[in-house]
Amino acid sequence: MAGWRTTHLDDIASEQWPYWAPIRHHFGIQTFGINAWRGGEGDEVIKRHNESDSGHPELYLVLSGHALFTIGDEEVPAPTGTLVWIEDPSAERVAAAMETNTVVLSISGGPPSGWDTGYLES
C-alpha cells in the first residue's frame, strides 16, 4: 500500500446519515477528529454541543454554501471560505445551513474521543 490515499468528499457518506461524511473513519485517522457535514437551507449542520468532555478545541471550515454559527450567545455568519476557531472546549456551539448545499468541515485536536465509532457501528 502507498503511504497516501485520496478520495472525493462526495464518495464518503454514512449509510444511516447521508448528511455526515465520516472522513476520520474513511481514512482510519487516529490522531485527530475530522468530519464533514452537509445540509440544505434551515438544516442543522453542526449539532448543538460542547467539547468539555474531550477538552479539545475545534476548527470549522465552510466549504460551500453559507452557515450561521451560534457560539454561546453570539451569532457568527459564515459564508463559503470562512474559518471558525473555537478554542474554549466548554463553549456551546451549533450551526445552521443558510442555503442549499452547505458543507462544513470540522477538525478537532487531540486523539479522537470515539463518539463517531458508536454511531457507525449501530
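Not measured: the values here are computed from a predicted model.

Definitions and cut-offs
- Residues numbered from 1 in each chain as written.
- Predicted model: local features only at pLDDT ≥ 70, side-chain atom pairs only at ≥ 80, totals over all residues.
- Heavy atoms only, no water.
- Helix = DSSP H or I, 4+ residues; strand = E, 2+ residues; numbered from the N terminus.
- Rg over C-alpha atoms; globule rule 2.2 N^0.38 Å.
- Buried < 20%, exposed > 50% of the residue type's maximum accessible area, 1.4 Å probe, protein only.
- Contact = heavy atoms within 4.5 Å.
- Areas by Shrake-Rupley, 256 points an atom, 1.4 Å probe, with all protein chains shown as cover.
- Phe/Tyr/Trp six-rings, centres within 6.5 Å; stacked < 30°, edge-to-face > 60°.
- Lys, Arg positive; Asp, Glu negative; His and termini not counted.
- Salt bridge = Lys/Arg side-chain N within 4 Å of Asp/Glu carboxyl O.
- Polar contact = N/O pair within 3.5 Å; in protein donor to acceptor, adjacent residues only side chain to side chain.

Caption draft 1: Up close: the overall build of the chain. The number of helices and strands found in the chain is 2 helices and 9 strands. Overall, the chain shows an N-to-C arrangement of helices and strands of β-α-β-β-β-β-β-β-β-β-α. Taken over the C-alpha trace, the chain has a radius of gyration of 14 Å; the compact-globule value for 122 residues is 14 Å, and the two agree within 12%. The C-alpha extent of the chain, read off along each of the three principal axes, is 45 × 30 × 30 Å. In the chain, which comprises 122 residues, the proportion classed as buried is 35%. Residue pairs in contact within the chain that sit at least 24 positions apart in sequence constitute 67% of those at least 6 positions apart. Of the roughly 7,000 Å² of accessible surface on the chain, a fraction of 53% belongs to carbon and sulfur atoms.

Caption draft 2: Expanded view of the packing of aromatic side chains. For the coordinates displayed, the defined rule picks out 2 aromatic pairs. Ring centres of Trp 20 and Trp 37 lie 5.7 Å apart, and the angle between their planes is 5°; on these two criteria the pair is classed as stacked. One end of the pair, Trp 20, is in strand 1 (residues 20-21); the other, Trp 37, is in strand 2 (residues 33-39), and 17 residues separate them in sequence. For Trp 20, a relative accessible area of 2% translates into the label buried. Of the residues examined, Trp 37 reaches a relative accessible area of 12% and is grouped as buried. A centroid spacing of 5.3 Å and a plane angle of 55° characterise the contact between Tyr 60 and Phe 69, whose relative ring orientation is tilted. Residue class for Tyr 60 comes out buried when judged on its relative accessible area of 1%.

Caption draft 3: Region of interest: the side chain of Arg 38. In this fold, Arg 38 is placed in strand 2. For the buried Arg 38, which has no salt bridge, the nearest side chain bearing the opposite charge is Asp 10, at an N-O separation of 4.1 Å. In this structure the side chain of Arg 38 is engaged in a polar contact, spanning 2.8 Å, whose partner is the backbone oxygen of Leu 9. Filtering out sequence-adjacent residues up to four positions away, Arg 38 remains in contact with Leu 9, Asp 10, Ile 12, Pro 18, Tyr 19, Trp 20, Ala 21, Val 45, Thr 102 and Val 103.

So yeah, pure geometry; function would need other evidence.
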